[in-house]
Amino acid sequence: DEYARVIAHPQREKIVLENGETIIPAPPLRMRDVVFPESSNTEQEQHQQPRIVLAVGPEGGWAEDYELNMFQKCGFQQITLGKRVLRSDVAVVSLLSLAHDVCAARQ
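Criteria and thresholds
- Residues numbered from 1 in each chain as written.
- Predicted model: local features only at pLDDT ≥ 70, side-chain atom pairs only at ≥ 80, totals over all residues.
- Heavy atoms only, no water.
- Pairing = 2+ DSSP bridges.
- Helix = DSSP H or I, 4+ residues; strand = E, 2+ residues; numbered from the N terminus.
- Axes fitted to C-alpha atoms, helices over the stretch in contact; angles between N-to-C directions.
- Salt bridge = Lys/Arg side-chain N within 4 Å of Asp/Glu carboxyl O.
- Buried < 20%, exposed > 50% of the residue type's maximum accessible area, 1.4 Å probe, protein only.
- Polar contact = N/O pair within 3.5 Å; in protein donor to acceptor, adjacent residues only side chain to side chain.
- Contact = heavy atoms within 4.5 Å.
- Phe/Tyr/Trp six-rings, centres within 6.5 Å; stacked < 30°, edge-to-face > 60°.
- Core = buried A, V, L, I, M, F, W, Y, C linked by side-chain atoms within 4.5 Å.

## Some remarks on the sheet that holds strand β5 (residues 77-79)
In space, the three strands of this open sheet follow the order β4-β1-β5, with parallel pairing throughout. If you trace the sheet from one side to the other, it starts and ends with β4 (52-56) and β5, each paired once. Strand-to-strand twist of the sheet, defined as the mean angle between neighbouring strand axes without regard to direction, takes the value 30 degrees. Bridge count between strand β1 (residues 4-8) and β4: five bridges; the pairing is parallel.

See the structure below:
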């Protein structure tokens, strides 16, 4: 079972770490930019729909350094829905809609 792993987090212009250090993050991906794993060429896998696992955190996003790094080490790609902080229930509905469109476009 191959699937794209995606973690959603609000876009930040800068991040202030606990030690006071400020970093400017790279521009985050959008759902349309998610990279799907290459499937092998078996006929069954060619006809499977693309799949995505979404990780949605609490309102306001994940713990900036620790949690985001942990997800990246597990193969998650960080995306954003923009700079606005969404309630978790609104973010889930928005992400599911975008994920559905991305998967449909890849068929």
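Now, onward.
## Considering the pattern of salt bridges
Across all of its chains, the model carries one salt bridge by this definition. For Arg87, the salt bridge goes to Asp89, with nearest N and O atoms at 2.8 Å. Looking at Asp89, the relative accessible area reads 43%, which means it is partly exposed.

## Quick notes on the side chain of Thr80
Here Thr80 shows up in the loop between β5 and α3 (88-105). Judged by its relative accessible area of 2%, Thr80 falls in the buried class. At 3.0 Å, the side chain of Thr80 and the backbone nitrogen of Gln11 are in polar contact. Beyond its immediate stretch of four places on either side in the chain, Thr80 contacts His9, Pro10, Gln11, Pro28, Leu29 and Arg30.

## Some details on the environment of Gln78
Relative to the helices and strands, Gln78 is located in strand β5. Gln78 sits in the partly exposed class, given a relative accessible area of 23%. Separated by 68 residues in sequence, Gln78 and Pro10 place their C-alpha atoms 9.7 Å apart. Ignoring sequence-local partners within four residues, the contact set of Gln78 consists of Ile7, His9, Leu29, Leu68 and Gln72.

## Considerations on the packing of aromatic side chains
We describe a pair of aromatic rings using the distance from one ring centre to the other and the angle between the two ring planes. Applying the stated rule across the entire model yields two aromatic pairs. Centre to centre, the rings of Phe71 and Phe76 are 5.0 Å apart; their planes meet at 80 degrees, and the pair counts as edge-to-face. We classify Phe71 as buried; its relative accessible area is 15%. Judged by relative accessible area, which is 15%, Phe76 ranks as buried.

## Notes on the nonpolar core
Considering soluble globular proteins, one finds that nonpolar side chains tend to be buried as a cluster. Core analysis: the largest hydrophobic core is formed by twelve residues, namely Ala4, Val6, Ala8, Met31, Val34, Phe36, Ile52, Ile79, Leu95, Ala99, Val102 and Cys103. If you list the elements that add at least two residues to this core, you get β1 and α3. Of the residues forming this core, the biggest block, four residues, is contributed by α3. When near neighbours in sequence (up to four residues on either side) are disregarded, Val102 contacts Met31, Arg32 and Phe36.

## Considerations on the side chain of His9
Relative to the helices and strands, His9 is located in the loop between β1 and β2 (15-16). Accessibility expressed as a relative area gives 3% for His9, which makes it buried. Residue contacts for His9: discarding those within four places in its chain leaves Gly60, Gly61, Trp62, Glu64, Leu68, Gln78, Ile79 and Thr80.

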